[in-house]
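Each chain is listed here by its residues.
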Amino acid sequence: MIAVRDYGPGVPRDQLRKIFRLFYRSENELTRETLGTGIGLALVRELVTAMGGEVDVVNRNPGAEFRIVLPIR
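Residues numbered from 1 in each chain as written. Predicted model: local features only at pLDDT ≥ 70, side-chain atom pairs only at ≥ 80, totals over all residues. Heavy atoms only, no water.

J.: How would you sum up unusual backbone geometry? Please name residues and give values.
T.: P62 follows N61 through a cis peptide bond whose omega is 0 degrees. Along the chain, P62 falls in the loop between strand 2 (54-59) and strand 3 (64-69). (Helix = DSSP H or I, 4+ residues; strand = E, 2+ residues; numbered from the N terminus.)

In structure tokens, the structure reads:
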């Protein structure tokens, strides 16, 4: 397992699964302060799935933790 954690505001509960969709951006278009296309987490999910693994996100206080689990071969 590989875990990466940030200490930002976390991920809104209703968006925990949506953030892995291609081109999905969780911030409001009119108030967005960050740049990006929304492909990073979708790409991670595709690569991890192709290797037989799983990716997940869990809110922490503060921040969020992204976990990648890969099989041992």
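J.: Break down a nonpolar patch on the surface for me, with residues and values.
T.: Where nonpolar side chains cluster on the molecular surface, the patch consists of I2, V4, L43, L47, M51 and L70 and spans about 540 Å² of accessible area. Those elements that place two or more of their residues in the nonpolar patch are strand 1 (2-6) and helix 1 (40-50). In this fold, L47 is placed in helix 1. (Patch = residues over 30% accessible without salt bridge, like charges linked within 9 Å, V, L, I, M, F, W, Y side chains within 5 Å. Areas by Shrake-Rupley, 256 points an atom, 1.4 Å probe, with all protein chains shown as cover. Salt bridge = Lys/Arg side-chain N within 4 Å of Asp/Glu carboxyl O.)

J.: Describe in detail the pattern of salt bridges, supporting the description with residues and values.
T.: What the rule picks out here adds up to four salt bridges. Its salt-bridge partner being D56, residue R17 comes within 2.8 Å of it at the nearest N-O pair. Separated by 39 residues along the polypeptide, R17 in the loop between strand 1 and helix 1 and D56 in strand 2 bring together distant segments of the chain. Its salt-bridge partner being R67, residue E65 comes within 2.8 Å of it at the nearest N-O pair. A relative accessible area of 15% places E65 in the buried class. A residue is classified by how much of its surface remains accessible, and R67, at 24% relative accessible area, is partly exposed. Connected through salt bridges with shared partners, the residues R60, E65 and R67 form a single ionic network. (Buried < 20%, exposed > 50% of the residue type's maximum accessible area, 1.4 Å probe, protein only.)

J.: Talk me through the nonpolar core; I want residue IDs and the actual numbers.
T.: Buried together is how nonpolar side chains tend to be arranged in soluble globular proteins. In this structure, V11, L16, I19, F20, V55, V57, A64 and F66 together form the largest nonpolar core, which totals eight residues. Secondary structure elements with two or more residues in this core: strand 2 and strand 3. (Core = buried A, V, L, I, M, F, W, Y, C linked by side-chain atoms within 4.5 Å.)

J.: So, the sheet that holds strand 3: which residues are in play, and what are the values?
T.: Strands sit in the order 1-3-2 across an open sheet of three strands; the sheet is antiparallel. Single-partner strands in this sheet number two, and they are strand 1 and strand 2. Strand-to-strand twist of the sheet, defined as the mean angle between neighbouring strand axes without regard to direction, takes the value 15 degrees. When strand 2 meets strand 3, the two strands line up antiparallel, connected through six bridges. The residue of strand 3 that forms the bridge with V58 is E65. (Pairing = 2+ DSSP bridges. Axes fitted to C-alpha atoms, helices over the stretch in contact; angles between N-to-C directions.)

None of the figures reported here should be taken as evidence of function without further support.
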